[in-house]
Amino acid sequence: MTTIAERLQAIQRQIRAVKRIDTNPTLVAVSKTQPAASIREAFDAGQSVFGENYVQEGVAKILAVADLPLEWHFIGPIQSNKTKLIAEHFAWVHGVDRLNIAERLNHARAELLPPINICIQVNVSGEASKSGVSPEEVASLADAIAPLPRLKLRGLMAIPAPAKTETAQRVPFKILKALFDQLKSSHPDFDTLSMGMSEDFKIAIEEGATMVRIGSAIFGPRQSPNTNMEQHS
Ligand SMILES: *Cc1c(COP(=O)(O)O)cnc(C)c1O
C-alpha cells in the first residue's frame, strides 16, 4: 500500500518536474475530512503547510496537533458568523470574495498575531460557479481590502470548474494569471497565485501557479465528505 509519505514525495517530485524557472510553488496539503493522525504522518514526511475547508473540523484538528509548527490555510467557503474563529486560528485565508468578510476578518484578528494573508477568490468559470468575485470587480475589491491593517493581501485564488479538454482547462488559469499580473503593479504584497488541485496542478503550475492545494492525491479519498453539514448551515 502507498503511504502518505510516499504520495507526498511523488507530488513534490511532480511539482519540481513542471516547475517554471520563475516560480517555486508552495504545496498546501488539503487535509479536510482526514484525521489528525494523517496530518502528523505528513508532517513527519516533511510537510508543514496544511489547508482545511470546514471551520469547526479545521479548528479541532489545529488544536489536536498544536504541538507541531504548522502553517494553516483556510480554503473553504466563508460564512460571516465564522470569521472570528478563522481569524483566531488560520495564517492564510483563500476564498475571500467580498469586502464584508475581509472587514470582519480584519476586525477579529488579534494585534499579537501577524496580519492574516489573504487571497481573493475570482470566479473564472462564469455561470459554472457561484463563489468568487467576477474578473471585472476584482480590482476594486483588491483596492478596498489592501488598506485593512490586520490583513495582508497576497494574491488571487480560483477553483475552476472541470473542463473536457486540457486546452479548455488552461483557459481559467490563463485568465487568473493575467488578472494577477495586472493587479501586481498596484499591490506590492501580491506574490501568490493559488490555483491547481490534485487533478490539474501540473497545468496550473505551467500557467503560473505559485501555490497549489492538493488533497486526495496525498491523503487518498476523502473520508466522508457529506457528514459535515457546516457548509449547508
Ligand atoms: C478540496 C479542495 C482542494 C483539494 O482537492 P483535491 O482534488 O483533493 O486535491 C483544493 N482546494 C479547495 C478549495 C478545496 O476545497
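Quick caveat, the model's predicted, so the values are computed rather than measured.

What counts and how
- Residues numbered from 1 in each chain as written.
- Predicted model: local features only at pLDDT ≥ 70, side-chain atom pairs only at ≥ 80, totals over all residues.
- Heavy atoms only, no water.
- pLDDT = per-residue confidence, 0-100.
- Contact = heavy atoms within 4.5 Å.
- Salt bridge = Lys/Arg side-chain N within 4 Å of Asp/Glu carboxyl O.
- Helix = DSSP H or I, 4+ residues; strand = E, 2+ residues; numbered from the N terminus.
- Buried < 20%, exposed > 50% of the residue type's maximum accessible area, 1.4 Å probe, protein only.
- Pairing = 2+ DSSP bridges.
- Right-handed = clockwise from strand over helix to strand, strands pointing away.

Undergrad: Sorry, what's going on with the confidence of the model for the protein chain here?
TA: Keep in mind that low pLDDT regions are not for reading the predicted coordinates in detail. Confidence in the prediction of the protein chain, expressed as mean pLDDT, is 93, and 94% of residues score 70 or more. Taken as a whole, residues 226-233 scores under 50 in pLDDT and shows 13 contacts with residues more than four places along the chain or in a different chain.

Undergrad: Sorry if this is basic, but what is going on with the pattern of salt bridges here?
TA: Note on pairing: side chains with opposite charge can pair once their charged atoms come close. Across all of its chains, the model carries 11 salt bridges by this definition. For Arg170, the salt bridge goes to Glu206, with nearest N and O atoms at 2.6 Å. Of the two residues, Arg170 sits in helix H7 (residues 166-184) while Glu206 sits in helix H8 (residues 201-206), which places them 36 residues apart along the sequence. A residue is classified by how much of its surface remains accessible, and Arg170, at 15% relative accessible area, is buried. Judged by relative accessible area, which is 34%, Glu206 ranks as partly exposed. The salt bridge partner of Arg170 is Glu207, with a shortest N-O separation of 2.8 Å.

Undergrad: How should I be thinking about the pairing of strand E4 (residues 92-96) in this particular structure?
TA: Counting buried residues along E4, five of its five residues qualify, which places the element largely inside the surrounding structure. As judged from the two bridges shared by strand E3 (residues 71-74) and E4, these two strands associate in the parallel manner. Within the sheet, the bridge partner assigned to Phe74 lies in E4 and is Val93. Each parallel crossover has a hand, and for E3 linked through helix H4 (residues 83-89) to E4 it is right-handed. Where the polypeptide runs from E4 across helix H5 (residues 99-108) and back to strand E5 (residues 116-121), its parallel neighbour, the crossover connection is right-handed.

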